[in-house]
Amino acid sequence: MKTARAATLEDRIREIRTEIEAVVAAKVEKVAKESPGVPMGVIRNLLTARAPTCPCAQYLDLTEGR
């Protein structure tokens with residue numbers, strides 16, 4: 001029987017960043033529907049600028065008080 005190999009830290013970080021990207025993209029789409037004519041890139045920049053340090057901080061900022 002083979003044992004499952006534990007994911008490396010790098011692999012886990014990549015997985016988490018992929019999940020965060022999906023959350024940010026969903027939020028951008030939601031805001032874009034409420035703000036016709038505003039480019040999605042601008043919306044994304046406005047949403048993530050509040051926590052520009054890293055995707056993890058952006059996720060926490062966007063999901064606070066859900």
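Each remark here, short or long, concerns the structure printed above.
Note that the coordinates shown come from a computational prediction; the quantities given were computed from them, not determined experimentally. (Residues numbered from 1 in each chain as written. Predicted model: local features only at pLDDT ≥ 70, side-chain atom pairs only at ≥ 80, totals over all residues. Heavy atoms only, no water.)

Chemist: Quick question: what am I supposed to make of the side chain of Thr-63 here?
Modeler: Summarising the element assignment, Thr-63 is placed in helix α3 (residues 55–63). Taking relative accessible area as the criterion, Thr-63 reaches 15% and is therefore assigned buried. (Helix = DSSP H or I, 4+ residues; strand = E, 2+ residues; numbered from the N terminus. Buried < 20%, exposed > 50% of the residue type's maximum accessible area, 1.4 Å probe, protein only.)

Chemist: Can you walk me through the environment of Thr-63 in this structure?
Modeler: Sequence spacing of Thr-63 and Thr-18 is 45 residues, and the spatial spacing of their C-alpha atoms is 16 Å. A polar contact is formed between the side chain of Thr-63 and the backbone oxygen of Tyr-59, at a distance of 2.8 Å. (Polar contact = N/O pair within 3.5 Å; in protein donor to acceptor, adjacent residues only side chain to side chain.)

Chemist: I keep staring at helix α2 (residues 40–49) and nothing clicks. Help me out?
Modeler: Given 3.6 residues per helical turn, the α-helix brings residues three or four places apart onto the same face. The complete set of buried residues in α2 reads Ile-43, Leu-47 and Thr-48. Buried residues in α2, looked at end-on, bunch into an arc of 115°, giving them a common side. For α2, the exposed residues lying more than 90 degrees away from the buried face are Asn-45 and Leu-46. (Arc of directions from axis to C-beta.)

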